[in-house]
Amino acid sequence: MTRRDVGWALGLAAAALLCYVPALSVGFYSDDYEWLGRMQPTLENPGFVFRVFYRDFNPLLHVSLLLDWILGGGQPWLFHASSALWHATAAALVYLLCRRFIQLRTLAMAAAALWALNVRISEAVIWPAARGHVLASALALAGLLVATSNAPRRSAGALALFAAALLSKETALFAALALPVFLRDPRRDRRLLAAVAGLAVAFVAFNALAKESFHTSDDPWGFLVRKVGFLLLRPLGLGDLYDFSWPSFGLVLASLAGVAWALRREPAARAGLAWSLLGAIPLVPLDKLSSRYLYMMSAGYALVLCGLVHAAQRWLRTRSLCRAAGMAATGGVVLLLAANVVRIQREIEDYRILCEPYDRLAARFRASLAELRCGETLVLYDLSSHRTVHELTETLWARGTIVKLIPYREGAVEGLIHLTDLLHAVHPREPGCLAQRVDPRTVPAGVRLLAYDGRRVLPLGQALPADRIPAERISAVRWGTTPIGAQRRAPRPSGPTARAPVLMLRQAGERPGAARRPESWR
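Everything in this summary refers to the structure shown in the same document. (Residues numbered from 1 in each chain as written. Predicted model: local features only at pLDDT ≥ 70, side-chain atom pairs only at ≥ 80, totals over all residues. Heavy atoms only, no water.)

## Here's the deal with the overall build of the protein chain
Stated precisely, the cut-off is as follows: Under the scheme used here, helices are H or I runs from DSSP no shorter than 4 residues and strands are E runs no shorter than 2 residues, and both carry numbers assigned from the N terminus. We compute the radius of gyration over the C-alpha atoms and compare it with the globule rule, which gives 2.2 Å times the number of residues raised to the power 0.38. The rule is simple: take the accessible area with a 1.4 Å probe, protein chains only, and divide by the maximum for that residue type; under 20% is buried, over 50% is exposed, in between is partly exposed. In this analysis, two residues are considered to be in contact whenever any of their non-hydrogen atoms come within 4.5 Å of each other. For the accessible areas, the method is Shrake-Rupley and the probe is 1.4 Å, while residue cover comes only from the protein chains on display. Counting rule for charge: Lys and Arg are taken as positive, Asp and Glu as negative, and neither His nor the chain ends is counted. To locate a charge, the coordinates of NZ of Lys, CZ of Arg, CG of Asp or CD of Glu are taken.
Each helix and strand in the protein chain was counted, giving 19 helices and nine strands. Over its C-alpha trace the protein chain gives a radius of gyration of 25 Å, about what one expects of a compact globule, namely 24 Å for 522 residues. Here the C-alpha coordinates of the protein chain stretch approximately 85 × 50 × 45 Å along the principal axes. Out of the 522 residues belonging to the protein chain, those deemed buried represent 52%. In the protein chain, 81% of the contacts between residues at least 6 apart in sequence involve partners at least 24 apart. Counting only carbon and sulfur atoms, one obtains 62% of the accessible surface of the protein chain, whose full area is about 23400 Å². Across the protein chain, 60 positive and 38 negative side-chain charges occur, with their mean positions spaced 11 Å apart.

## Overview of the sheet that holds strand S2 (residues 376-382)
Where we set the bar: At least two bridges found by DSSP between two strands are what make those strands a pair. Axis geometry follows a simple rule: fit a line to the C-alpha atoms, using only the stretch in contact for helices, then measure angles between N-to-C directions, giving values from 0 to 180 degrees.
Ordered in space as S4-S7-S2-S5-S6, the five strands form an open sheet in which the pairing is mixed. The strands lining the two open edges of the sheet, one partner per strand, are strand S4 (434-438) and strand S6 (457-459). Pairwise comparison of adjacent strand axes, ignoring direction, gives a mean angle of 30° for this sheet. As judged from the five bridges shared by S2 and strand S5 (residues 448-452), these two strands associate in the parallel manner. Its bridge partner lying in S5, Leu380 is registered against Leu450.

## What about a nonpolar patch on the surface?
Quick reminder of the rule: Patch rule: a residue counts if its relative accessible area is over 30% and it has no salt bridge; like charges are joined within 9 Å, and nonpolar side chains (Val, Leu, Ile, Met, Phe, Trp, Tyr) within 5 Å. Note on definitions: salt bridges are taken to be side-chain nitrogens of Lys or Arg within 4 Å of carboxyl oxygens of Asp or Glu.
Taken together, the side chains of Val63, Leu67, Ile70 and Leu71 make up a nonpolar region of the molecular surface, amounting to roughly 380 Å² of accessible area. Among the structural elements, Ile70 can be located in helix H3 (residues 59-72). Classification of Ile70 as partly exposed rests on a relative accessible area of 47%.

## As for the state of the cysteines
As a reminder of what qualifies: Disulfides are defined in this document as cysteine sulfur pairs within 2.5 Å.
Taken as a whole and judged by the stated rule, the model has one disulfide. There is a disulfide in this structure between Cys374 and Cys433, and the S-S distance comes to 1.6 Å. In this structure the cystine formed by Cys374 and Cys433 twists about its S-S bond by roughly -100°; its chirality is therefore left-handed. Remark: Cys433 occurs in the loop between helix H19 (419-426) and S4 and Cys374 occurs in the loop between helix H17 (319-370) and S2; sequence separation between them is 59 residues. By relative accessible area, which is 37% here, Cys374 ends up partly exposed.

## Section: the packing of helix H1 (residues 3-19) against helix H5 (residues 105-116)
For clarity, the threshold we go by: Small angles under 35 degrees read as roughly parallel and large ones over 145 as roughly antiparallel, with 65 to 115 read as roughly perpendicular and the rest as oblique. It is the rotation of the near helix from the far one that decides the hand of a crossing: anticlockwise by less than a right angle makes it left-handed, clockwise makes it right-handed. We call Asp, Glu, Lys and Arg charged. Ala, Val, Leu, Ile, Met, Phe, Trp, Tyr, Cys and Pro are nonpolar, and the rest, Gly among them, are polar.
Put simply, H1 and H5 touch, their axes get as near as 11 Å, and they point 25° apart. In terms of orientation, H1 and H5 fall into the roughly parallel class. Note that H1 runs across H5; the crossing there is right-handed. Two secondary-structure elements touch here, H1 through Arg4, Asp5, Trp8, Leu12 and Ala16 and H5 through Arg105, Thr106, Met109, Ala112, Ala113 and Ala116. In terms of residue class, the contact of H1 with H5 is built from seven nonpolar, one polar and three charged.

## Describing the environment of Ala178
The residue Ala178 is located in the loop between helix H9 (172-177) and helix H10 (179-182) in this model. Residue classification places Ala178 among the buried positions, given a relative accessible area of 0%.

## Considerations on the packing of aromatic side chains
One pair of aromatic rings is described through two measures. These are the centre distance and the angle between the planes. Quick reminder of the rule: Working definition: rings of Phe, Tyr and Trp (its six-membered ring) pair if their centres are within 6.5 Å, and the pair is stacked with planes under 30 degrees apart, edge-to-face with planes over 60 apart, and tilted otherwise. Should the NZ of a Lys or the CZ of an Arg lie within 6 Å of a ring centre and within 35 degrees of the ring normal, that charge is described as sitting over the ring.
Summed over the entire model, instances satisfying the criterion amount to 17 aromatic pairs. Their ring planes at 80° and their centres at 6.0 Å tell us that Tyr29 and Tyr351 sit as a pair that is edge-to-face. With a gap of 322 residues between them, Tyr29 in the loop between H1 and helix H2 (31-44) and Tyr351 in helix H17 connect regions that are remote in the sequence. Of the two residues, Tyr29 and Tyr351, neither departs from the other in class, the shared state being buried. Judged by centre distance (6.2 Å) and plane angle (80°), the ring pair of Phe182 and Trp275 falls under edge-to-face. Separated by 93 residues along the polypeptide, Phe182 in helix H10 and Trp275 in helix H14 (residues 267-280) bring together distant segments of the chain. Taken individually, Phe182 and Trp275 each receive the classification buried, so the pair is uniform in this respect. The structure contains a cluster of three or more aromatic residues connected by ring pairs, namely Phe28, Tyr29, Tyr33, Phe79, Trp127, Tyr351 and Tyr358. The aromatic ring of Trp35 is capped on one face by Arg38, whose charged end is 4.2 Å from the ring centroid.

In structure tokens form, the structure reads like this:
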């Protein structure tokens, strides 16, 4: 790695960062409030970082978000800035990794830029709750660079980086398994490979023992196999052409085999294909697949592109053909980058629209919830129409951009934010006091009563009659001294009948409610 390469990598990082600067003015959305609801409990008991949440054990991600909470006072701009910085770091690392295989700097830069400015992975950068994919990718890429370098104690450094990646997002396990393909002489690094294999086995064993559910799909195995074709095509913008049929799957498989055979002499292409294929494995059994899951696996395509162009230089034997192909490729790269930058800005605007009702809800409750004192219990009657998710779906459908998954949360205020998370997010911290969900039927008299009609938060003098509002529209929370263990939510039920309702926005031309694929795609 030369000083010039470092300069080029920093330049790409700056370009990626500049592209996502508008996201700093976007607020919080959906799962962001699930994370914000963990911040105050974590400050009360730092051991909360190491708690298994449903199917997630991401202590490093948890610490990353906690630092944003502390340093920025809960303001969303710092959360977005941190995600953009990690993405810029990952972009620089992809460039440096391409340079390990390719001598031509401009080719490595073009390949890395096409990945860094790909609208298909923008969700992971724009949405703070999806940062685990960015953080884990950056750490895994750094681990590969260290492992393939001549640095002293590189094995220890690479192992530490892979471990950190696993503690950020579980999918980093499969990136670590691609390590042998990146090493020039795997036999020389037997100890490193053995250590990484041991780390992988230990991590799998921990997850199997510690987690109650992995939210895997109930779809038949044949459909899950055919899903691989979609996963491989979507980062290239070709996912909408795939119909999940066996002929389409066979065509994708044959094309992949042809590319692998044609580029068999290109180390960059072999490494990139291995990275992408291994990265797709953990996504196949998932019940729901959002585009943020494509972030890590799609980095392999930058290496495949490097190998493809390098091979094309051998195939095009005359200088005039090479010059013509180079000019055409340059124009294509420029057009692709420009189109993706424009579409990323539209994606940022989509998330701005998505965040607005959540921001309004938090703002409306801020003053009323801040009045709650330690030891008090609050009962909230949600009289709102609960049409916000539907209205968001219609609004974003009309914009006709990338598919969005808009979850409706049962028992949440307006179907958006659970009362405990909302209270932790907006209430000033009182050491020793936390929010704990309680059964409204067991709440004693004399509690604080509020009603929310979708526009205003109104104090009540007495409880509403039980027949006035469904039980699921009544929430009760105690703000008081709470054992930290009480903050852990019960595991979500599994199975198709027990899943929370989800309204989903499809691509332009497919209205909500129309026939759609069995999965919930972003």
